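# Coordinate inspection notes
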Amino acid sequence: MRREQIEQWIAEGYNVLEHKKPKVVQGDIWEYLNSHDGHGTDVYALSELAKCADHELHQIELRKYAQEYGQLGEKQFLRNEAIRMKSFDKYEAFLRLFYPNSVEKEVEEAKFLAERVRQVSKAEMEQWVTANHINVLLSDLNCLDEDAILTGMVIPSEEVVSYTDGGLQDTMDCHLTPMEFFSHADAAVYWIDSKIKS
């Protein structure tokens, strides 16, 4: 979640962010938000998010993963950030605290993956999927999270449905078809692991 994106949604007339998707709520948005409060829902007033600094938005995202999956969610979020930013200090510190027996292995794997991960435009992403005949995308975080790292997979067509069932609802390790992904995700850029799994 980034301030520029929030400001763009507000300019387009949206007033609420619900499950990472902007929407227009008619009437009293505070009443709408209060009706969702305490139900474990991911609903925010865009006007309030626009007041947050980038590090505060980052903490909201981190808390969401930690609440949903505990330490594992926090670990996955910090791993993702380390790989994308090629900055491993926070991830390593977290591992030393909670996973001391696997620090070196985990950091080494993250650094290795960081060399393959790159940011691409939507057109480049579509071209990458088509050129490599990718029929399943694996997302490390929620597939609608604009910071998610996507891995392309080529699997037998008869197995695609079993791999992708419910992928849009998963918070981590989401499997979905490229068609599902592109019909729900609309970011300007995406993060991909250039190695295709088969």
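As a reminder, the structure under discussion sits directly above these lines.
Now for a quick tour of the structure. (Residues numbered from 1 in each chain as written. Predicted model: local features only at pLDDT ≥ 70, side-chain atom pairs only at ≥ 80, totals over all residues. Heavy atoms only, no water.)

Now for the overall build of the protein. Secondary structure assignment for the protein yields ten helices and eight strands. For 198 residues, the compact-globule formula gives about 16 Å, and the C-alpha radius of gyration of the protein, at 18 Å, lands near that figure. Each principal axis of the C-alpha distribution contributes one length, and for the protein these read about 50 × 40 × 30 Å. For the protein, buried positions account for 45% of its 198 residues. (Helix = DSSP H or I, 4+ residues; strand = E, 2+ residues; numbered from the N terminus. Rg over C-alpha atoms; globule rule 2.2 N^0.38 Å. Buried < 20%, exposed > 50% of the residue type's maximum accessible area, 1.4 Å probe, protein only.)

With that settled, the discussion passes to the pattern of salt bridges. Two side chains of opposite charge can pair, provided their charged atoms sit close to one another. Per the stated rule, a full pass over the model turns up ten salt bridges. Glu-81 is paired through a salt bridge with Lys-90; the nearest N and O atoms lie 3.2 Å apart. Taking the relative accessible area as the measure of exposure, Glu-81 reaches 15% and is therefore buried. The partly exposed category is assigned to Lys-90, whose relative accessible area is 48%. Between Glu-109 and Lys-105 there is a salt bridge, with its nearest N and O atoms 3.1 Å apart. A residue pair is termed a helical-turn pair when its members lie 3 or 4 positions apart in one helix, as Glu-109 and Lys-105 do in helix H7 (residues 103-116) at four residues. Note on Lys-105: relative accessible area 55%, which makes it exposed. Salt bridges here are not isolated pairs; linked through shared partners, they connect Glu-92, Arg-96 and Glu-104. (Salt bridge = Lys/Arg side-chain N within 4 Å of Asp/Glu carboxyl O.)

This part takes up the sheet that holds strand S1 (residues 16-18). One open sheet accounts for three strands, arranged S2-S1-S3; its pairing is antiparallel. Where the open sheet ends on each side, the last strands, each with one partner, are strand S2 (21-23) and strand S3 (43-45). Within this sheet the neighbouring strands show an average axis-to-axis angle of 25°, counted without direction. (Pairing = 2+ DSSP bridges. Axes fitted to C-alpha atoms, helices over the stretch in contact; angles between N-to-C directions.)

Moving on: the environment of Ala-131. Looking at the secondary structure, you find Ala-131 in helix H8 (residues 122-131). Residues Ala-131 and Gly-73, 58 residues apart in the sequence, show an inter-C-alpha distance of 32 Å.

Here we take up the packing of helix H5 (residues 71-85) against H7. Direction vectors running N to C along H5 and H7 enclose 45°, while the axes themselves pass 9 Å from each other. Put simply, H5 runs oblique to H7. H5 and H7 meet at a crossing whose hand is right-handed. Between H5, through Lys-75, Arg-79 and Ile-83, and H7, the contact on the second element is made entirely by Glu-106, Ala-110, Leu-113 and Ala-114. In terms of residue class, the contact of H5 with H7 is made up of four nonpolar, no polar and three charged. (Parallel < 35°, antiparallel > 145°, perpendicular 65-115°, else oblique. Left-handed = near helix turned anticlockwise from the far one by under 90°. Contact = heavy atoms within 4.5 Å. Nonpolar A, V, L, I, M, F, W, Y, C, P; charged D, E, K, R; others polar.)

Further remarks concern the environment of Leu-176. Locating Leu-176 in the fold gives a position in strand S7 (residues 174-176). Looking at Leu-176, the relative accessible area reads 0%, which means it is buried. Each C-alpha atom, one on Leu-176 and one on Leu-138, is 6.7 Å from the other, the two residues being 38 residues apart in sequence.

A few words on unusual backbone geometry. Although it is not a glycine, Lys-86 adopts a positive phi angle of roughly 55°. Among the structural elements, Lys-86 can be located in the loop between H5 and helix H6 (89-98). Under the relative-accessibility criterion, Lys-86 is labelled partly exposed at 43%. Even without glycine at this site, His-133 takes up a positive phi of about 55°. Inspection of the secondary structure puts His-133 in the loop between H8 and strand S5 (136-139). Among the residues examined, His-133 registers a relative accessible area of 63% and is labelled exposed.

That's the geometry; what it means functionally is another story.
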